[in-house]
Structure formats: C-alpha cells, structure tokens
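Listed below, chain by chain, are the residues.
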Amino acid sequence: NAVPGRAFVDIFAGTGIIGIEALSRGASAAHLIERDPEFAKGIEIHLRAFDLIRQAKLYRTDAYRWVAAWRAPKEPVNVFISPPFADLTDKTDDLMQAIRTLQTKVAEDSVIVLQSERGSPLEKVEELKTWEMRRYGRNELLIWQREITAASMTDAKEHEEGLV
C-alpha cells in the first residue's frame, strides 16, 4: 500500500524485476541502480519492451557511489536494497554505511526495505534489530520507515486547513 504514487528506488537492481513490479503497482517512477553491464542491458531491454522507459531511470554505476551522491526528493520514497550475497558477507560495513546515509536522506514516511539471507552477518548488526523482519524461506526482508514528526503533521494540517 506504500507503493502507489511514490517514487521507487531499486538498489542492486539485478534483473530490474522489483523496480518494474513497483511500476506495475502504481509507483510514480522507478530508479534502478545496477553496475553489472549484462544485467543493466537486460533491464534496459525490459524497460523498452514494456514501454516503461519514460517512467524509469537506469543508473549504470556502483551502488555505494550512487547512494553517496543521491539527492532524495522531498516526498516520501520507497527504497529496495538487495545486495549480492558477497556484499552481505564481505562489505557489511560499506552496506551499513550506505543504509545509514539513505536513512538520513529520505523524507519522512519513506520506507527502506533490505533483502538479506538467514545466517548473514547482518543478523548481528544491532541497529537492524529494531527493523521489522519478515522471513520467506531463506530470504529475510528488513523494513524501516522514517517516522513522521509531530511538527510536520501540524504543518500538514495547517496547510490542509488553509492556515499556511
């Protein structure tokens, strides 16, 4: 229910299926980040085949560099992070730094979903223990949503009532 009308960011997009699925469920736009040239080529083929090229932007770059440079919109977004298993095990610190960066950049009410696997080093990361977890076989989805502050709720209500 958080997808319709929101931009969707698919980091480590792989085949691009998650970002494409988000578009089919009403995402306003999809940003797919994939470094591997073969996967990126496949994503572009699918975007063209399904006439989604205007709704999607493919970034052929390193996900960590992209996160560091990304300027998040002022509106809530959904971010899906599905790192390769090697990054879960060998780049845990880099991955966690990227997640912390995303958390500071996204607007209130944004959602970040991290796909992991049972037994990965992420199970030992304390800050992820507060995230909602859903398990599907060996896959784990960790879900975090940036809270809406009382001040922004007041601002929104005043705006809605025409007081601002």
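Residues numbered from 1 in each chain as written. Predicted model: local features only at pLDDT ≥ 70, side-chain atom pairs only at ≥ 80, totals over all residues. Heavy atoms only, no water.

Visitor: Would you explain helix H1 (residues 17-24) in this entry?
Guide: One full turn of an α-helix is made of 3.6 residues, so residues set three or four places apart face in the same direction. Those residues of H1 not exposed but buried are Gly19, Ile20, Ala22 and Leu23. Along the axis of H1, the buried positions cluster into a sector of 155°, meaning they face one direction only. Every exposed residue of H1 that faces more than 90 degrees away from the buried side is listed here: Ile17 and Ser24. Contact partners of the buried residues in H1: strand S1 (7-11), strand S2 (29-33), helix H2 (37-49) and strand S3 (56-59). Remark: Gly26 follows H1 within two positions and exhibits a positive phi of approximately 105°. (Buried < 20%, exposed > 50% of the residue type's maximum accessible area, 1.4 Å probe, protein only. Helix = DSSP H or I, 4+ residues; strand = E, 2+ residues; numbered from the N terminus. Arc of directions from axis to C-beta. Contact = heavy atoms within 4.5 Å.)

Visitor: What exactly am I supposed to notice about the nonpolar core here?
Guide: The nonpolar side chains of soluble globular proteins are, as a tendency, buried together. Judged by nonpolar contacts, the single largest core of 28 residues is most densely connected at Ile11, Val79 and Ile81. Those elements giving two or more residues to this core turn out to be S1, helix H3 (63-69), strand S4 (77-81), helix H5 (92-105), strand S5 (111-117) and strand S7 (139-145). Per-element tally for this core: the top contributor is H5, with 5 residues. In contact with Val79, not counting residues within four places along its chain, are Val9, Ile11, Leu102, Val106, Val111, Ile112 and Val113. In this structure, Val3, Leu32, Ala56 and Leu58 belong to the second largest nonpolar core, which totals 19 residues. (Core = buried A, V, L, I, M, F, W, Y, C linked by side-chain atoms within 4.5 Å.)

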